[in-house]
Amino acid sequence: MLFITLPSGRKLTYVKPRIGENKFGGESVTYEGIGATKKWERLESYGPKFVENVVQAISRDLLMNAMKTLSHCFICGHVHDELIIECSEKISLEALCTQMARTPDWMLDILLRADGYVTEFYKKD
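What you see as residue numbers is a count from 1 along each chain, following the sequence as written. Where local features are concerned, this predicted model is filtered to residues with pLDDT of at least 70; where side-chain atom pairs are given and counted, the filter is 80 or more; whole-chain, interface and lining totals use all residues. Only hydrogens and water are set aside; all other atoms, that is, all heavy atoms of the structure, feed into the side-chain values.

(A) Molecular detail of the nonpolar core. Leu63, Ala66, Met67, Leu70, Cys73, Leu83, Leu96, Cys97, Met100, Ala101 and Ala114 form the largest nonpolar core, which has 11 residues in total. Helix and strand assignments come from DSSP, with helices taken as H or I runs of at least 4 residues and strands as E runs of at least 2, each series counted from the N terminus. Listing elements by their share of this core, those giving two or more residues are helix H1 (47–69) and helix H2 (93–100). Any two residues whose heavy atoms approach within 4.5 Å at even a single point are treated as in contact. With residues up to four places along the chain from it excluded, the contact list for Ala114 reads Cys97, Met100 and Ala101. Within this scheme, the nonpolar core is defined by two criteria: the residues are buried Ala, Val, Leu, Ile, Met, Phe, Trp, Tyr or Cys, and they are joined through side-chain atoms within 4.5 Å. Relative accessible area decides the class of each residue, using a 1.4 Å probe on protein chains only: under 20% of the type maximum gives buried, over 50% gives exposed, and in between gives partly exposed. Within the second largest apolar cluster, 10 residues are counted, among which are Leu12, Leu43, Ile58 and Met107.

(B) Main features of the pattern of salt bridges. Definition used for salt bridges: Asp or Glu carboxyl oxygen within 4 Å of a side-chain nitrogen of Lys or Arg. Summed over all chains, the structure comprises 6 salt bridges. A salt bridge links Asp61 to Arg10, with the nearest nitrogen and oxygen atoms 2.8 Å apart. Of this pair, Asp61 sits in helix H1 while Arg10 sits in the loop between strand E1 (2–5) and strand E2 (11–21), placing them 51 residues apart in sequence. Residue classification places Asp61 among the buried positions, given a relative accessible area of 5%. For the salt bridge of Asp61 with Arg60, the shortest nitrogen-to-oxygen distance reads 3.0 Å. Several salt bridges share partner residues, and in doing so they unite Arg10, Arg60 and Asp61 into one network.

Below you can see the structure in the form of structure tokens.
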């Protein structure tokens, strides 16, 4: 296994990694995973793809941190980087955004900000 440890401590795992030859004749990292055919096959990757995986994984961890911070709220869904919260009209949107933007203890140097809007039904902003 090839592991990439994220700042949260969670690990990305790549099964049976090898250095192989890519379709252009150069070297690349290959590993086993679920391909386009929905079956296990050897997949090819490269540096920028690993960076993309890490960025998306950290983004997921930041969203999960916000969800834990807002666990007292009724979170009825999430779409990418948005939380859908049902609450009383008395709840302050500004307070929710402040709580959602709290810095996790595993990444103290990141600057976070959250925006939101109030609506009677979910819609894409």
